[in-house]
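The primary structure of each chain is shown beneath.
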Amino acid sequence: MVDHVAGIQEQWRRERPDLDVSPLGTIARLHRLADDLRERLVATYADFGLGEGEFDVLATLRRQGEPFELAPGEIARCTMVTSGAASKRIDRLEADGLVERRRGSDDGRRRVITLTDAGRERIDAAFAAHVENEHRLLRALDADRRVALEELLRHWSQQRGL
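Here the structure is a predicted model, which means the values were calculated and not measured.

1. Thoughts on the packing of aromatic side chains
Per the counting criterion, the structure on display carries one aromatic pair. Considering the side-chain rings of Y45 and F55, the 4.1 Å spacing of their centres and the 15° angle between planes classify their relative orientation as stacked. A residue pair is termed long-range when its members are at least 10 positions apart, and Y45 in helix α2 (residues 23-46) and F55 in helix α3 (residues 52-62) qualify at ten residues.

Next comes the structure, spelled out in structure tokens:
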């Protein structure tokens, strides 16, 4: 059975036999998988009233451990977005009572964002569902293929400096 990407490759091989279109097999499939995975992940976040960005901020704070706080700039760096994008996410989470702005526990001059109790409860529940969802999404691959895929992706990411 020829999948969609293989069909596209066949068409390009016919139309442009002078080009090696083999990279399409990898890149196009990764692109299609990424779109599908993002859609399925975002659906789980939505079950908890969160968007992808809000989930990312809460998860970043939660994995810091007690006292679950970071400066806004650190949140932007950890979530790989601009400080403006991080600020908008923080504003939404603060309005929902999931984070609060306060002085740092280690330096009273420093401003930090910290999880509220409600934020911790929300991210703990959302993250448990997220991990369960990821397990479900990976079930199509046996354990050996999951390990091999992770190793390949880690190697490729390192080569790209990501």
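2. Overview of unusual backbone geometry
Residue P67 follows E66 across a cis peptide bond; omega there is 5°. Position of P67 among the secondary structure elements: in the loop between α3 and β1 (69-70). Here the phi dihedral of F68 falls at roughly 55°; this positive angle occurs in a residue that is not glycine. Looking at F68, the relative accessible area reads 6%, which means it is buried. Of note, the phi angle at M80 is positive, near 55°, even though the residue is not glycine.

3. Some remarks on the nonpolar core
Formed by 21 residues in total, the largest nonpolar core has its most connected members in L50, L58, L61, I75 and V99. Elements with a minimum of two residues in this core: α2, α3, α4 (72-79), α5 (83-95), β3 (111-115) and α6 (117-138). A per-element tally of this core places α3 first, with five residues. Not counting chain neighbours up to four residues away, the residues in contact with V99 comprise L58, L61, I90, L93, E94, I113, T114, L115 and T116.

4. Side note on the sheet that holds β1
Pairing is antiparallel in the open sheet, where three strands are placed in the order β1-β3-β2. Taken across any chain shown, the strands that pair with only one partner, and hence form the sheet edges, are β1 and β2 (99-103). Taken together, the two bridges between β1 and β3 define a ladder with antiparallel strand orientation. When the bridges of β3 are listed, E69 appears paired with T114. Along the sheet, α3 makes contact with β1, β2 and β3, crossing β3 at roughly 95°.

5. Brief notes about the layout of surface pockets
Quantified by volume, the largest pocket comes out at close to 1,300 Å³. Secondary-structure elements contributing two or more residues to the lining of the largest pocket are α2, α3, α6 and α7 (143-159). If you tally residues by element for the lining of the largest pocket, the top one is α2, at ten residues.

Conventions and cut-offs
- Residues numbered from 1 in each chain as written.
- Predicted model: local features only at pLDDT ≥ 70, side-chain atom pairs only at ≥ 80, totals over all residues.
- Heavy atoms only, no water.
- Phe/Tyr/Trp six-rings, centres within 6.5 Å; stacked < 30°, edge-to-face > 60°.
- Helix = DSSP H or I, 4+ residues; strand = E, 2+ residues; numbered from the N terminus.
- Buried < 20%, exposed > 50% of the residue type's maximum accessible area, 1.4 Å probe, protein only.
- Core = buried A, V, L, I, M, F, W, Y, C linked by side-chain atoms within 4.5 Å.
- Contact = heavy atoms within 4.5 Å.
- Pairing = 2+ DSSP bridges.
- Axes fitted to C-alpha atoms, helices over the stretch in contact; angles between N-to-C directions.
- 1 Å grid on protein atoms, 1.4 Å probe; cavity = no way out; pocket = protein on both sides within 12 Å on 5 of 7 lines; lining within 4 Å.
- Points joined across faces, edges and corners; volume = space filled by probe spheres on them.

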